[in-house]
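Structural description and commentary
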Amino acid sequence: MAFCSTCGTEIPDGASVCPSCGTPAGQVAPVETVDQWDHTSEFDPKDISDNKIYALSAYMFSIFGVILCQILAKESPYAQFHARQSLKLELTALLSTFVAVLLCWTCIVPIAWVIFVIMLSVIEIIAVVQVFMGKAKEPWLVRSIGLFR
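Keep in mind that what you see is a predicted model, and the values were worked out from it rather than measured. (Residues numbered from 1 in each chain as written. Predicted model: local features only at pLDDT ≥ 70, side-chain atom pairs only at ≥ 80, totals over all residues. Heavy atoms only, no water.)

Quick notes on the side chain of Thr23
If you trace the backbone, Thr23 turns up in the loop between β2 (10-11) and β3 (28-30). When neighbours within four sequence positions are excluded, Thr23 is seen to be in contact with Cys4, Thr6, Ser16, Val17 and Cys18. (Helix = DSSP H or I, 4+ residues; strand = E, 2+ residues; numbered from the N terminus. Contact = heavy atoms within 4.5 Å.)

Some remarks on a nonpolar patch on the surface
Residues Leu95, Phe98, Val99, Leu102, Leu103 and Trp105 make up a contiguous nonpolar surface patch of roughly 650 Å² in combined accessible area. Position of Leu102 relative to the elements: it lies in helix α4 (residues 77-102). (Patch = residues over 30% accessible without salt bridge, like charges linked within 9 Å, V, L, I, M, F, W, Y side chains within 5 Å. Areas by Shrake-Rupley, 256 points an atom, 1.4 Å probe, with all protein chains shown as cover. Salt bridge = Lys/Arg side-chain N within 4 Å of Asp/Glu carboxyl O.)

Side note on the pattern of salt bridges
It is possible for side chains bearing opposite charge to pair when their charged atoms get close. Under the criterion given, the structure shown has 3 salt bridges. Residue Lys46 is joined to Asp50 by a salt bridge in which the shortest nitrogen-to-oxygen separation is 2.8 Å. Here the residue Lys46 and the residue Asp50 both occupy positions in helix α1 (residues 45-50), the gap between them amounting to 4 residues, near one helical turn. The partner of Glu138 in a salt bridge is Lys88, and the shortest N-O contact between them spans 3.9 Å. Highlighted residues: Glu138 in the segment after α5 (108-132) and Lys88 in helix α4, separated in sequence by 50 residues. Side by side, Glu138 and Lys88 carry an identical accessibility label, which is buried. (Buried < 20%, exposed > 50% of the residue type's maximum accessible area, 1.4 Å probe, protein only.)

Quick look at the environment of Phe61
Among the structural elements, Phe61 can be located in the loop between α2 (52-60) and α3 (62-72). Among the residues examined, Phe61 registers a relative accessible area of 49% and is labelled partly exposed. Remark: the alpha-carbon pair of Phe61 and Ile71, spanning 10 residues in sequence, is separated by 14 Å.

Some details on the packing of α4 against α5
Where α4 meets α5, the closest approach of the two axes is 10 Å, and the angle between their N-to-C directions is 170 degrees. Regarding the angle of α4 to α5, the classification is roughly antiparallel. Of the residues in α5, those in contact with Tyr78, His82, Leu89, Glu90, Thr92, Ala93, Ser96, Thr97, Val99 and Ala100 of α4 are Val109, Trp113, Phe116, Leu120, Ile123, Glu124, Gln130 and Val131. Split into classes, the residues belonging to the contact of α4 with α5 amount to 11 nonpolar, 5 polar and 2 charged. (Axes fitted to C-alpha atoms, helices over the stretch in contact; angles between N-to-C directions. Parallel < 35°, antiparallel > 145°, perpendicular 65-115°, else oblique. Nonpolar A, V, L, I, M, F, W, Y, C, P; charged D, E, K, R; others polar.)

Spelled out as structure tokens, the structure:
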């Protein structure tokens with residue numbers, strides 16, 4: 001799939017000119033997708049391989065793992081990145097629990113809270129898999145939280 005470099009219209013495969021503005025297909029720029037939430041390239045591969053265990057501990061042992069990661073891997077940008085992401089997930093879970101307790105007298109909030117906690121657990125499992133793969137991707141749902149950047 002390619003897009004016209006002049007007007008941005010999608011160019012069908014095999015077309016010689018842009019159907020919108022007539023720009024020759026030789027001037028068509030291919031589409032390059034970049035994941036804005038993937039920060040893996042910002043970290044040294046040696047740092048990633050040396051500190052995967054600390055990054056995993058941040059997700060596996062909750063707040064204790066974050067503290068452990070902050071103490072034992074304070075020089076590792078990779079481990080610190082994952083400690084911040086884990087902390088965002090933990091604070092989100094804590095806040096949702098607080099809201100659920102406050103509104104436990106309603107019928108829908110406890111049900112919604114259970115679904116939300118399951119969703120957070122799945123997101124945390126995905127984050128653990130990302131660490132095993134040596135990636136540094138911000139987990140969905142907490143990626144827009146600017147806290148602890």
